[in-house]
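Single-letter residue listing:
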Amino acid sequence: QLQVTRDNGRSEDQLLLRIGVAGFSAANTMMLAVSLFQGLYTGIESQYGNLFRGTSLILALPAVLYSAYPFYRSSIAGLRIRRVHVDLPISVAIIAVFLLSTLNTLTGREAVYFDSVSTLIFLLLIGRYFQGRAVTLAQNASRSAWTILPMSARCRIDNVEKEVPTSSVRPGD
């Protein structure tokens, strides 16, 4: 799974870069998809349709190969230990939609879903980013809760008050 770390920031920086690449891919393929969809109703010359589909394929490649890589890596790791988790169907869906759209582009069919797969990757990565941030904040909050606990306590033992470490205080002291 993807991790967001605040320690060195490397994982978070990589995740943000993957989000940026997927967002760029999603935005640009979406613009081309709007033109293709509109062309279905108003008519579009086949050379422009092919150009838009081919350009969408090229623009979706970085999202599918780079941005979605953590899903593939996690899926393969899960399969190695014989554990199926949510990244496996995500990976299968990304690959299947991309391959179907590539096949349709190469054979001249109209239905391509490069915009959908790029947007799916983008939204899933954003979700993982916010999930990682929430986990990091919760971990930091639980660590700081330990820092506000007192290091010592005053205990009455045999009618004499003594300052003792909190770790030595027992129920009934």
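Our structure's up above, just so we're on the same page.
Residues numbered from 1 in each chain as written. Predicted model: local features only at pLDDT ≥ 70, side-chain atom pairs only at ≥ 80, totals over all residues. Heavy atoms only, no water.

> So what exactly am I meant to see when it comes to the overall build of the chain here?
For the chain, the count of helices and strands is five helices and two strands. Moving toward the C terminus, one meets the helices and strands of the chain in the order α-α-α-α-α-β-β. A compact globule built from 173 residues should have a C-alpha radius of gyration of about 16 Å, whereas the chain, at 26 Å, is more than 25% larger. Principal-axis analysis of the C-alpha atoms places the extent of the chain at approximately 95 × 35 × 25 Å. Expressed as a percentage of the 173 residues in the chain, the buried residues total 32%. Residue pairs in contact within the chain that sit at least 24 positions apart in sequence constitute 61% of those at least 6 positions apart. With the model as given, the accessible surface of the chain reaches about 11,400 Å², and the carbon-plus-sulfur share is 62%. Side-chain charges in the chain split into 16 positive and 11 negative, and the spacing between the mean points of these groups amounts to 7 Å. (Helix = DSSP H or I, 4+ residues; strand = E, 2+ residues; numbered from the N terminus. Rg over C-alpha atoms; globule rule 2.2 N^0.38 Å. Buried < 20%, exposed > 50% of the residue type's maximum accessible area, 1.4 Å probe, protein only. Contact = heavy atoms within 4.5 Å. Areas by Shrake-Rupley, 256 points an atom, 1.4 Å probe, with all protein chains shown as cover. Lys, Arg positive; Asp, Glu negative; His and termini not counted. Charge placed at Lys NZ, Arg CZ, Asp CG, Glu CD.)

> Looking at this structure, I do not really get a nonpolar patch on the surface. What am I missing?
The grouping of Ile 44, Tyr 48 and Leu 51 at the surface amounts to a nonpolar patch, some 270 Å² of accessible area in total. Of note, Leu 51 is situated in helix α2 (residues 46-67). (Patch = residues over 30% accessible without salt bridge, like charges linked within 9 Å, V, L, I, M, F, W, Y side chains within 5 Å. Salt bridge = Lys/Arg side-chain N within 4 Å of Asp/Glu carboxyl O.)

> Got a minute to help me understand the packing of α2 against helix α4 (residues 87-107) in this structure?
Any two packed helices are characterised by how steeply their axes cross, that is the angle between the axes, and by the distance between the axes. Where α2 contacts α4, the two axes come as close as 10 Å, and the packing angle between them is 155°. For the element pair α2 / α4, the angle class is roughly antiparallel. The interaxial crossing formed by α2 with α4 has left-handed handedness. On α4, the residues touching Arg 53, Gly 54, Leu 57, Ala 60, Leu 61 and Val 64 of α2 are Ile 94, Phe 98, Thr 102 and Thr 105. Among the residues forming the contact of α2 with α4, the class breakdown is six nonpolar, three polar and one charged. (Axes fitted to C-alpha atoms, helices over the stretch in contact; angles between N-to-C directions. Parallel < 35°, antiparallel > 145°, perpendicular 65-115°, else oblique. Left-handed = near helix turned anticlockwise from the far one by under 90°. Nonpolar A, V, L, I, M, F, W, Y, C, P; charged D, E, K, R; others polar.)

> Teacher, can you tell me more about the pairing of strand β1 (residues 152-157) here?
Every other side chain in a regular strand lies on the same face of the sheet, so the side chains alternate between the two faces. With six bridges joining them, β1 and strand β2 (residues 160-165) adopt antiparallel strand pairing. Across the sheet, the residue bridging to Ala 153 is Val 164, located in β2. Hairpin geometry of β1 and β2 is characterised by an intervening segment of two residues between the two adjacent antiparallel strands and by a positive phi of about 55° at Asp 158. (Pairing = 2+ DSSP bridges.)

> What should I look at first to understand the packing of α2 against helix α3 (residues 69-80) in this one?
Packing of α2 against α3 brings their axes to within 5 Å, and their N-to-C directions diverge by 35°. The segment α2 lies against α3, with Val 64, Leu 65, Tyr 66 and Ser 67 engaging Tyr 69, Pro 70 and Tyr 72. Per-class residue counts for the contact of α2 with α3 are six nonpolar, one polar and no charged.

> What am I meant to see in the side chain of Arg 53 here?
The topology assignment puts Arg 53 in helix α2. The side chain of Arg 53 is buried and forms no salt bridge, while Glu 110, the nearest opposite charge, is found at 6.0 Å.

> Help me understand unusual backbone geometry in this model?
Among all residues save glycine, negative phi is the norm, and among peptide bonds the norm is trans. For Arg 82, which is not glycine, the phi torsion reads 60° and is therefore positive. Mapped onto the elements of the fold, Arg 82 is located in the loop between α3 and α4. For Arg 82, a relative accessible area of 77% corresponds to the exposed category.

> Whenever I open this one, the packing of aromatic side chains confuses me. Can you help?
Two descriptors summarise a pair of aromatic rings, namely the distance from one centre to the other and the angle between the planes of the rings. Counted according to the given criterion, the structure contains two aromatic pairs. Seen from their ring centres, Phe 98 and Phe 114 are 5.7 Å apart, and the 65° between their planes marks the pair as edge-to-face. With Phe 98 in helix α4 and Phe 114 in helix α5 (residues 114-147), this residue pair connects regions lying 16 residues apart in the sequence. Taken as a pair, Phe 98 and Phe 114 share a single burial class, namely buried. Relative to Phe 130, the ring of Tyr 129 has its centre 5.4 Å away and its plane inclined at 65°; by these criteria the two rings are edge-to-face. Residue Tyr 129 is classed as buried on the basis of its relative accessible area of 12%. Across from the ring centre of Tyr 66, 4.4 Å away, lies the NZ or CZ of Arg 18, which sits over that ring. (Phe/Tyr/Trp six-rings, centres within 6.5 Å; stacked < 30°, edge-to-face > 60°. Lys NZ or Arg CZ within 6 Å of the ring centre and 35° of its normal.)

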